[in-house]
Amino acid sequence: MTLGLYLARRFLVSVGIVAAVFAGILMLIDMVEQIRRNAGNPEAGLAQAAHIAALNLAGGLYRILPLVVMLGAVAMFLSLARSSELVVIRAAGRSAIRALVAPVMTAFLLGAAAVAVLNPLVAATARVAEDVSSRLSSDGVQSVLSVSREGLWLRQGSRAGQTVIRAARANQDGTQLFEVTFIDFDAEGQPISRIEAAEARLAPGFWTLDRVKEWRLTDTNPEKTATRVDSARLPTDLTATRIRESFSAPDAVAIWDLPAFIEGLERAGFSAQKHRVWLQRELALPLTLAAMVLLAAGFTMRHVRFGRSGTMVLLAVLAGFAMFFLRNFSQVLGENGQIPVALAAWAPPAAALMAAMGLLLHMEDG
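Residues numbered from 1 in each chain as written. Predicted model: local features only at pLDDT ≥ 70, side-chain atom pairs only at ≥ 80, totals over all residues. Heavy atoms only, no water.

> What should I look at first to understand the environment of Ile97 in this one?
Residue placement: Ile97 occurs in helix α5 (residues 96–99). Expressed as a C-alpha distance, the spacing of Ile97 and Leu294, which sit 197 residues apart in the sequence, is 9.4 Å. (Helix = DSSP H or I, 4+ residues; strand = E, 2+ residues; numbered from the N terminus.)

Shown next as structure tokens:
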């Protein structure tokens, strides 16, 4: 137990140091990008760039967490080898594979904690960062999509006011809405009109509405002055691409809310394949981190007197990048429906785990 706690502590320290280095690099890169993106806005200074970069930092680290764990494990095993602690562990009768139980379990628990705690934090900070960035880059013009039990909600706006759109359902690309309600608000946030239509079709620059009824909410009796027409047009700056991009990022939804979001998305008529793959991929993250530790151990858990330490470290890093690439590639295949969702999410970490165990058994007992 003492040895296991010692190795787990060394592993966490190594991962923490690597994460701190990457955090500094990501922070600087994001700040430079924010300054470049908002260079024409006099309100966007260094403080705003640092604010947005800090909000994006958790998401950046979360995306590269498997690589951070891999590099942290490589650093730990190299340190143990240089100090001859691996020799002492073997001399005490503990095999290398048994000594790996503590770091692997620590990585697994770290992945579970990241999914349970860091994932919702990343989703929350990403939404705040997007709001701040959109205010700086588009002068307050925003379009937001959300899905709930009541249907599909959109928002389009400008300096003159906002328009909230609710639809019971939509087609796959969001260009055709059914049972639609448009509510216009002025610059002070007061509702000024309500429009209901059986169907709304998006064209460049406007919505085409069918079977329309409009209420002027500023009138004394809006129902008495309501008007009905067979068709109408409403101006909009929304496009099909902007609508899809508003909800296409699954990492913007906390994992605890993702099952309900998927259900609502499918009820609204959209495909939730991408979100299903992302959900399973997040659930497989603890296994992915455990596989990364085993991969690092297979290449670097050897004494330095054997030589070729630099070559083995390079091979370990290349194996980690290969695993990272395979994980992202299988995600793309799953999102496009080329392979089943479960296979896309769980096959890469399972394959890496078995390959790492085979390598370790060969190095230790082969």
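The rest of the description comes next.
> Even after reading the chapter, I still don't get the nonpolar core, so can you show me in this structure?
Burial of nonpolar side chains together is a common tendency in soluble globular proteins. Judged by nonpolar contacts, the single largest core of 57 residues is most densely connected at Phe11, Val69, Phe77, Leu100, Leu285, Val293 and Met301. With near-sequence residues (within four places) excluded, Val293 lies in contact with Phe11, Val69, Ala73, Phe77, Pro103, Val104 and Ala107. (Core = buried A, V, L, I, M, F, W, Y, C linked by side-chain atoms within 4.5 Å. Buried < 20%, exposed > 50% of the residue type's maximum accessible area, 1.4 Å probe, protein only. Contact = heavy atoms within 4.5 Å.)

> When you look at the packing of helix α10 (residues 285–300) against helix α11 (residues 309–335) in this model, what are you seeing that I'm missing?
How two helices pack is summed up by the angle between their axes together with the distance between the axes. Running from N to C, α10 and α11 point in directions that differ by 155 degrees, and their axes come no closer than 8 Å. Classified by the angle their axes make, α10 and α11 are roughly antiparallel. The handedness of the crossing between α10 and α11 is right-handed. Taken together, the residues of α11 that come into contact with α10 (itself represented by Leu285, Thr288, Met292, Leu295, Phe299 and Thr300) are Met312, Val313, Leu315, Ala316, Ala319, Gly320, Met323, Phe324 and Arg327. Class assignment for the residues of the contact of α10 with α11 results in 11 nonpolar, three polar and one charged. (Axes fitted to C-alpha atoms, helices over the stretch in contact; angles between N-to-C directions. Parallel < 35°, antiparallel > 145°, perpendicular 65-115°, else oblique. Left-handed = near helix turned anticlockwise from the far one by under 90°. Nonpolar A, V, L, I, M, F, W, Y, C, P; charged D, E, K, R; others polar.)

> Please explain the pattern of salt bridges as it appears in this structure.
One side chain can pair with another of opposite charge once the charged atoms of both are near each other. Under the defined criterion, the tally for this structure stands at six salt bridges. A salt bridge links Arg216 to Glu214, with the shortest nitrogen-to-oxygen separation between them at 3.1 Å. For Arg216, a relative accessible area of 35% corresponds to the partly exposed category. Glu214 sits in the partly exposed class, given a relative accessible area of 25%. The structure contains a network of salt bridges with shared partners spanning Glu199, Arg201 and Asp210. (Salt bridge = Lys/Arg side-chain N within 4 Å of Asp/Glu carboxyl O.)

> Teacher, can you tell me more about the side chain of Ser14 here?
Turning to its location among the elements, Ser14 is positioned in helix α1 (residues 2–37). Given a relative accessible area of 13%, Ser14 falls into the buried group.

> Is there a simple way to explain unusual backbone geometry in this structure?
Most peptide bonds are trans, and most residues other than glycine sit at a negative phi. Located in the positive-phi region is Glu179, a residue other than glycine, with phi close to 55 degrees. With respect to the element layout, Glu179 can be found in strand β4 (residues 176–186). Judged by relative accessible area, which is 46%, Glu179 ranks as partly exposed. Positive phi values are uncommon outside glycine, yet Arg211 reaches one of about 50 degrees. Take Arg211: it is sitting in strand β6 (residues 206–216).

> Just checking my understanding: could you explain the pairing of strand β5 (residues 191–203) for this structure?
Within a regular strand, side chains alternate between the sheet's two faces. Note: β4 against β5, nine bridges, orientation antiparallel. Opposite Leu177, over in β5, you have Ala200 as the bridge partner. Where β5 meets β6, 10 bridges bridge the pair, whose relative direction is antiparallel. Each bridged residue has a counterpart across the sheet, and for Glu196 the counterpart in β6 is Lys213. (Pairing = 2+ DSSP bridges.)

> Quick question: what am I supposed to make of the side chain of Ser193 here?
By secondary structure assignment, the location of Ser193 is in strand β5. Engagement of the side chain of Ser193 in a polar contact is seen with the side chain of Asp184, the distance being 2.9 Å. If sequence neighbours within four positions are ignored, Ser193 has contacts with Phe182, Ile183, Asp184, Glu214, Trp215, Arg216 and Leu217. (Polar contact = N/O pair within 3.5 Å; in protein donor to acceptor, adjacent residues only side chain to side chain.)

> Could you clarify how one ought to interpret a nonpolar patch on the surface in this entry?
Residues Val13, Ile17, Val21, Ile25 and Ile29 make up a contiguous nonpolar surface patch of roughly 460 Å² in combined accessible area. By secondary structure assignment, the location of Ile25 is in helix α1. (Patch = residues over 30% accessible without salt bridge, like charges linked within 9 Å, V, L, I, M, F, W, Y side chains within 5 Å. Areas by Shrake-Rupley, 256 points an atom, 1.4 Å probe, with all protein chains shown as cover.)

> Sorry if this is basic, but what is going on with helix α2 (residues 46–63) here?
Residues lying three or four places apart along an α-helix face the same way, a consequence of the helix completing one turn every 3.6 residues. With 18 residues, α2 extends 25 Å between its outermost C-alpha atoms, agreeing within 8% with the 26 Å of an ideal straight helix rising 1.5 Å per residue. At Asn56, α2 is bent by approximately 35 degrees, the largest bend along its length. Where α2 is concerned, the buried positions are Ala49, Ile52, Ala53, Leu55, Ala58, Gly59, Gly60 and Tyr62. (Expected span 1.5 Å × (residues − 1). Bend = angle between axes of the 7 residues up to and from the residue.)

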